Amino acid sequence: MNVDKIMIALEKRNPNQTEYLQAVRDVLESIEDVYNENARFENASIIERLIEPDRILSFKVPWLDDEGRVQINHGYRIQYNNAIGPYKGGLRFHPSVNLSILKFLGFEQTLKNSLTTLPMGGAMGGADFDPKGKSQSELMRFCQSFMLEMWRIIGPDTDVPAGDIGVGSKEVGYLFGMYKKLSGSHNGVFTGKGVASSGSLIRSESSGYGAVYFVNEMLRNTSDSICGKRVAISGFGNVSWGVAKKAVALGAKVVTISGPDGYIYDKDGLDERKVDYMLELRSSNEDIVKPYSYEFEDAEFHPGAKPWEVKCDIAFPCATENELDINDARALIRNGCTCVCEGANMPCTSEAIDLLQTHKVLFAPGKAANAGGVATSGLEMTQNAMKISWSEEEVDTRLQRIMHDIHTLCATYGTREDGYVDYVKGANIAGFLKIANAMLEQGIV
Ligand code: NDP
Ligand code: 2IT
């Protein structure tokens, strides 16, 4: 494989799809050596087949707002790769959604799912719909219209969607309800369902919990732990909340959360009550963190700024892609940060990652660190297929074991001669090899 040659061809076919091209290039650069060591990969054009999604369903989503006006959004489902299991991945509702973002997420998901050790292929979907400020009836009507198109191509053994930005258990509930009505079948076609609808305990917390478990695994290598560390988090959504909840429970001091309007600096650190308040903030459907500073008067609100200027030991970017750039990385290093863990998907730019790694900062890429979310989705699929529900303890124990195993995989393929673990390389190689070997076994399909 010649990375530049592949990238030039890919760019020609997908001009301006910057996020997609960025995600592919980062992976190709990591796996180049391993790929070129095995001629069977090249002979079967594994990489050309892996970077291209299997298929994309694109559809319009017409719906009526509360004033009776017709609104139209664009919906998508990308079935990326099903070499190791049914297509599996989230749905994102956000005005920024486009094919480049969904293809990057689908590609990352494919490698991430491979790392979970569970049999899941990769997929991603969503719509350019903005849930902000919508009424419950509008949300429900939108979800129902979205499902009228997507239900045809999903199923418990073919494609199993879940949530992502703007899609939590409430939206999953509306989507699943319409799927059930159309298909006449109550099966495990969605994960992230409410517990009453046969969802798994801990699924809501799992992406954030998993990221904290992963950090503890990284720190264990140096006989350390997250207890007592100063932690900066971005975002205030599902992943941020799970990270805050577990980090606080394990004795860390969480001093920031953030939103599109700016960040909160809470010098006393979050406690259980404040973590619960994050859920209230989120469910207000407003899109701002500023109200936190009214609720807790000692907390400062910094409008229009990012939390990476605050002194911390560990940073968890948990909001969205490319939110932590090289200047932010410089500020973190200057302030003594020793560990950056991607709770979101690709929140750090490639330049930021290079700089962090050059300074020997422990760096966990999202496809390894936030894999606890989809791994617990996998556990939800297993429970649904077996028609049983595991206890909270059972799910959490399995999640911890999975995060431990992902860490081991990354260390196996990413440890350098000086002992520093390049988790980006480790995750990309381990994720790639499993899929590539499955594709080799299955022939040219
Ligand atoms: P939520 O919708 O619960 O929260 C997302 C947070 O990011 C919100 O604070 C949101 O604010 C903010 N945000 C979203 N888009 C932008 C943007 N373009 N600019 C600035 N801020 C933005 O989503 P999740 O917590 O579920 O997802 C967060 C990240 O974690 C994403 O990268 C997602 O792909 C990833 N992830 C999610 C998993 C899951 O199971 N949910 C699992 C693993 C990773 P607002 O939306 O109000 O603008
Ligand atoms: O990015 C992710 O891993 C998710 N949004 C979760 C996907 C899933 O199928 O649980």
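Let me sum up the structure you'll find in this document. (Residues numbered from 1 in each chain as written. Chains lettered and ligands numbered in written order. Predicted model: local features only at pLDDT ≥ 70, side-chain atom pairs only at ≥ 80, totals over all residues. Heavy atoms only, no water.)

### Re the overall build of the protein
Inference 1: Broken down by element type, the protein carries 17 helices and 12 strands.
Inference 2: The C-alpha atoms of the protein give a radius of gyration of 21 Å, which matches the 22 Å a tight globule of 445 residues would have.
Inference 3: For the C-alpha atoms alone, the extent of the protein along its principal axes is close to 60 × 55 × 45 Å.
Inference 4: Relative to its full complement of 445 residues, the protein shows a buried share of 57%.
Inference 5: Within the protein, contacts between residues separated by at least 24 positions form 72% of all contacts whose residues are at least 6 apart in sequence. (Helix = DSSP H or I, 4+ residues; strand = E, 2+ residues; numbered from the N terminus. Rg over C-alpha atoms; globule rule 2.2 N^0.38 Å. Buried < 20%, exposed > 50% of the residue type's maximum accessible area, 1.4 Å probe, protein only. Contact = heavy atoms within 4.5 Å.)

### Regarding the sheet that holds strand S8 (residues 262–265)
Inference 1: Sheet architecture is open: seven strands sit in the order S9-S8-S7-S6-S10-S11-S12, paired in mixed fashion. Every interior strand has two partners, whereas the edge strands, strand S9 (300–303) and strand S12 (362–364), have only one. Shown here is a sheet whose adjacent strand axes are inclined to one another by a mean of 15 degrees, direction ignored.
Inference 2: Summarising the sheet, S8 and S9 pair through four bridges and their orientation is antiparallel. Considered in S9, the bridge of Tyr-263 is made with His-302. (Pairing = 2+ DSSP bridges. Axes fitted to C-alpha atoms, helices over the stretch in contact; angles between N-to-C directions.)

### Re the side chain of Glu-342
Inference 1: Within the secondary structure, Glu-342 is located in the loop between strand S11 (339–341) and helix H13 (350–358).
Inference 2: Buried and unpaired, Glu-342 has no salt bridge, with Lys-367 as the nearest side chain of opposite charge at 7.0 Å.
Inference 3: A polar atom in the side chain of Glu-342 sits 2.8 Å from the backbone nitrogen of Gly-366.
Inference 4: In this structure, Glu-342 is in contact with Pro-317, Pro-347, Cys-348, Ile-353, Phe-363, Ala-364, Pro-365, Gly-366, Ala-369 and Asn-370, ignoring residues within four places of it in sequence. (Lys, Arg positive; Asp, Glu negative; His and termini not counted. Salt bridge = Lys/Arg side-chain N within 4 Å of Asp/Glu carboxyl O. Polar contact = N/O pair within 3.5 Å; in protein donor to acceptor, adjacent residues only side chain to side chain.)

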